[in-house]
Amino acid sequence: MADLSSLKDLGTISESAAPAHVRKVDSLGRSYATGKRKNAVARVWLKPGSGKIIVNGKEFAEYFARPVLQMILRQPIVAAARDGQFDIIATVAGGGLSGQAGAVRHGLSKALTYFEPGLRSVLKKGGFLTRDSRVVERKKYGKAKARRSFQFSKR
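Cut-offs used in this document
- Residues numbered from 1 in each chain as written.
- Predicted model: local features only at pLDDT ≥ 70, side-chain atom pairs only at ≥ 80, totals over all residues.
- Heavy atoms only, no water.
- Salt bridge = Lys/Arg side-chain N within 4 Å of Asp/Glu carboxyl O.
- Buried < 20%, exposed > 50% of the residue type's maximum accessible area, 1.4 Å probe, protein only.
- Helix = DSSP H or I, 4+ residues; strand = E, 2+ residues; numbered from the N terminus.
- Contact = heavy atoms within 4.5 Å.
- 1 Å grid on protein atoms, 1.4 Å probe; cavity = no way out; pocket = protein on both sides within 12 Å on 5 of 7 lines; lining within 4 Å.
- Points joined across faces, edges and corners; volume = space filled by probe spheres on them.
- Nonpolar A, V, L, I, M, F, W, Y, C, P; charged D, E, K, R; others polar.

Draft legend 1. View of the pattern of salt bridges. The tally for this structure, following the rule as stated, stands at seven salt bridges. As a salt-bridge pair, Asp26 and Arg30 come within 3.1 Å of each other at their nearest N and O atoms. A salt bridge links Arg134 to Asp132; the shortest N-O distance between them is 2.8 Å. Arg134 sits in the exposed class, given a relative accessible area of 57%. Several salt bridges converge on common partners, so that one network encompasses Arg37, Asp132 and Arg134.

Draft legend 2. Quick peek at the environment of Gln70. Of note, Gln70 is situated in helix α2 (residues 67–79). In the structure, Gln70 is positioned 35 residues away from Arg105 in sequence and 9.9 Å away in space, judged by C-alpha atoms. When residues no more than four places from it in sequence are discounted, the contact partners of Gln70 are Phe60, Ala61, Phe64 and Ala65.

Draft legend 3. Structural detail: the layout of surface pockets. By volume, the largest pocket amounts to about 160 Å³. Every residue lining the largest pocket is listed: Ala20, His21, Val22, Lys24, Lys110, Thr113, Tyr114, Pro117, Arg120, Lys124 and Leu129. Of all the secondary structure elements, the ones that give two or more residues to the lining of the largest pocket are α3 (97–115) and α4 (120–126). Broken down by element, the lining of the largest pocket gets its largest block of residues, three residues, from α3. Taken together, the residues of the lining of the largest pocket break down into five nonpolar, two polar and four charged.

Without other data, these values stay purely geometric and don't point to any function.
Written out as structure tokens, the structure reads:
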């Protein structure tokens, strides 16, 4: 039977409990992240540039026509004070336009932290790094919708 005294030789963990966030950039100088919201999934690439934002091959203002969606997409860049410093290319699929805008925002926030780990505290405080886990509840049998019942009549 093994002796527990041999475990003393292993020592204690000297590093701090908080993980060190490192810069994650590929060979082309881009950082990549995946963002999700509702049923939408966005893949976002971020690289230094002039501030162009391309979503599914279109200019972001053309893809997200509503000003509210454009504002949602630009929130992490404005919060990090990096407006016009990065070129962003995103492909997004699934869900509706609102969910897609939220997914791109989530992916963009993660990509920003991979490119500049110092921005993590600012984006975390703004709530941009948290994945909004709310999704549509499934329809149940015997119900009109997820919870709505059919009209009841005694007669």
